[in-house]
Amino acid sequence: MNQLEINDFFNNQEFIEKTVAQIIKDFNSCGWEVCFESNSILPIKEDLTNQIASQLFRLSATELQQFIYTVDLQENKFLNAVTKNDDYKSLAGEILKREALKVFIRSKYSH
């Protein structure tokens, strides 16, 4: 799944809802209650990325590692994202892509 395909899927409300549910599920499995609220002003990907980054900012280093493991984000993507000084936005974007990929694979191959 490439960036263009991800963008196409984020035009589908059901896909967005399932992706948000997956993100919440992964946060919950680490013991953190999160809630995502739609901001109709921002594009959905940017809105979700900002909200994920906000949640990540609250985690300790150990909690962040636990969450990354739960999300199953590749180590090189994690390391590349955390070296950027952008308040976790790059990391949140990678997490969003990974969670969207999980939803895509599940919907594509579960029939």
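Figured I'd write up the structure that's included with this text. (Residues numbered from 1 in each chain as written. Predicted model: local features only at pLDDT ≥ 70, side-chain atom pairs only at ≥ 80, totals over all residues. Heavy atoms only, no water.)

### Considerations on the pattern of salt bridges
Think of it this way: side chains of opposite charge can pair up when their charged atoms draw near. In plain terms, the rule: Salt bridge, as used here: a side-chain nitrogen of Lys or Arg that lies within 4 Å of a carboxyl oxygen of Asp or Glu. Helix numbers and strand numbers start at the N terminus; a helix is a DSSP run of H or I with at least 4 residues, a strand a run of E with at least 2. Each residue's exposure class comes from its accessible area (1.4 Å probe, protein chains only) as a fraction of the maximum for that residue type: buried when under 20%, exposed when over 50%, partly exposed otherwise.
Following the criterion strictly, the structure yields 5 salt bridges and no others. A salt bridge links Arg98 to Asp72; the shortest N-O distance between them is 3.0 Å. With a gap of 26 residues between them, Arg98 in helix α6 (residues 89-109) and Asp72 in the loop between α4 (61-71) and α5 (75-82) connect regions that are remote in the sequence. Its relative accessible area of 19% is what places Arg98 among the buried residues. What makes Asp72 partly exposed here is its relative accessible area of 47%.

### Description of the environment of Asn80
When you line up the elements, Asn80 lands in helix α5. A relative accessible area of 47% means that Asn80 is categorised as partly exposed. Asn80 sits 10 residues away from Ser90 along the chain, and the two C-alpha atoms are 8.6 Å apart.

### Regarding the nonpolar core
How we decide: Residues belong to one nonpolar core when they are buried, are Ala, Val, Leu, Ile, Met, Phe, Trp, Tyr or Cys, and are joined through side-chain atoms within 4.5 Å. Here, two residues are considered to be in contact whenever any of their heavy atoms come within 4.5 Å of each other.
Core analysis: the largest hydrophobic core is formed by 29 residues, its most contacted members being Phe27, Phe36, Ile52, Leu56, Phe67, Leu91 and Ile95. Listing elements by their share of this core, those giving two or more residues are α2 (13-29), α3 (44-57), α4, α5 and α6. The element best represented in this core is α6, accounting for 7 residues. Once you skip the residues sitting within four places of it in the chain, Ile95 turns out to touch Ile52, Leu56, Phe67, Ile68, Val71 and Leu73.

### Regarding α3
Threshold: A helix is expected to span 1.5 Å for every residue after the first.
Spanning 14 residues, α3 covers 20 Å between terminal C-alpha atoms, matching the ideal 20 Å at 1.5 Å per step. Along its buried surface, α3 packs onto α2, α4 and α6.

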